[in-house]
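Letter by letter, the chains look like this.
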Amino acid sequence: MTHVRLREEICRFGRSLFERGLTPGSSGNISLRLDDGGWLVTPTNASLGFLDPARIARLDAQGKLVSGDAPTKEIPLHTALYETRAGARAIVHLHSTHAVAITMLPEIDPKAVLPPMTPYYLMRAGQTALVPYFRPGDPAVADAIKGLAGRYSSVLLANHGPVVAGVTLEAAVFATEELEETAKLYLLLRGLNPRYLSPEQVSDLVRVFGLTLPRHDEHGH
């Protein structure tokens, strides 16, 4: 796909996410890794609903601005996930309401923020890690993400929002949406003793769809 098409794709998905209320105001950012090692990144203080393809930042492999507007201040997030997730070609970071809400709950397991609620959550988002709160743009967040050693494609930043990597922008967007919907389900069912997928059902998904789930691998079930 040409860079022109990739820029248009960023704008199309960004507008879709914004119009459905998944990231308000000028929050959220999207990046795409290019074949030359550089990136396309949404600009700082830009609303995902009103992106201009020509103004999207183009960075070289060293992270230097080549063209377009200044990139988002969340570059450390993106860099850390690209460095640790070898197959990642796109990253979506949103401030989606329900995903942010669950980061504040006391019972959340940082190694598996959400239980196995639906097959599509596991198939698209895998499992989700929680990293502690950092000020937006703080380079220290990169170390926290690197500490996950690439085991997770979806990460929640405490009191802030999700960061999700995918092999394509479409895959990253769909995984982010699935994470948000699963967070909404969790909040709807919290305290009602819902039935989650059993370990056997999770194992079946892992086997049939070739999933890599950090917790599943760790415990071997």
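Let me begin by describing the structure that accompanies this report. (Residues numbered from 1 in each chain as written. Predicted model: local features only at pLDDT ≥ 70, side-chain atom pairs only at ≥ 80, totals over all residues. Heavy atoms only, no water.)

Looking only at helices and strands, one finds eight helices and eight strands in the protein chain. Expected size for 221 residues packed as a compact globule is a radius of gyration near 17 Å; at 17 Å, the protein chain falls within 12% of this value. By principal-axis analysis of the C-alpha atoms, the protein chain measures approximately 50 × 30 × 30 Å. Of all 221 residues assigned to the protein chain, the portion counted as buried reaches 49%. Expressed as a percentage of contacts within the protein chain between residues at least 6 apart in sequence, the contacts between residues at least 24 apart total 67%. (Helix = DSSP H or I, 4+ residues; strand = E, 2+ residues; numbered from the N terminus. Rg over C-alpha atoms; globule rule 2.2 N^0.38 Å. Buried < 20%, exposed > 50% of the residue type's maximum accessible area, 1.4 Å probe, protein only. Contact = heavy atoms within 4.5 Å.)

What follows concerns a nonpolar patch on the surface. Together, Leu185, Leu188, Leu189 and Leu192 give the surface a local cluster of nonpolar side chains, amounting to about 360 Å² of exposed area. In this structure, leucine 189 sits in helix α6 (residues 169–189). For leucine 189, a relative accessible area of 30% translates into the label partly exposed. (Patch = residues over 30% accessible without salt bridge, like charges linked within 9 Å, V, L, I, M, F, W, Y side chains within 5 Å. Areas by Shrake-Rupley, 256 points an atom, 1.4 Å probe, with all protein chains shown as cover. Salt bridge = Lys/Arg side-chain N within 4 Å of Asp/Glu carboxyl O.)

Now for the sheet that holds strand β1 (residues 29–33). The eight strands are arranged β4-β3-β2-β1-β5-β8-β7-β6 in an open sheet whose pairing can be described as mixed. Looking along the sheet, the strands with just one partner apiece sit at the ends: β4 (65–67) and β6 (128–131). Taken pair by pair, the neighbouring strands of this sheet meet at an average axis angle of 25 degrees, ignoring direction. For strand β7 (residues 154–157) and strand β8 (residues 161–166), the ladder comprises four bridges, and the chain directions are antiparallel. Paired with valine 155 across the strands is valine 163, a residue of β8. (Pairing = 2+ DSSP bridges. Axes fitted to C-alpha atoms, helices over the stretch in contact; angles between N-to-C directions.)

Tallied over the full model, the rule gives two aromatic pairs. Between phenylalanine 18 and phenylalanine 50, the aromatic rings sit 5.5 Å apart at their centres with planes inclined by 65 degrees, giving edge-to-face as the arrangement. Here phenylalanine 18 is found in helix α1 (residues 3–19), whereas its partner phenylalanine 50 is found in the loop between β2 (39–41) and β3 (57–59), with 32 residues between them in sequence. Taking NZ or CZ as reference, arginine 12 lies 4.9 Å from the ring centre of phenylalanine 13, over its face. (Phe/Tyr/Trp six-rings, centres within 6.5 Å; stacked < 30°, edge-to-face > 60°. Lys NZ or Arg CZ within 6 Å of the ring centre and 35° of its normal.)

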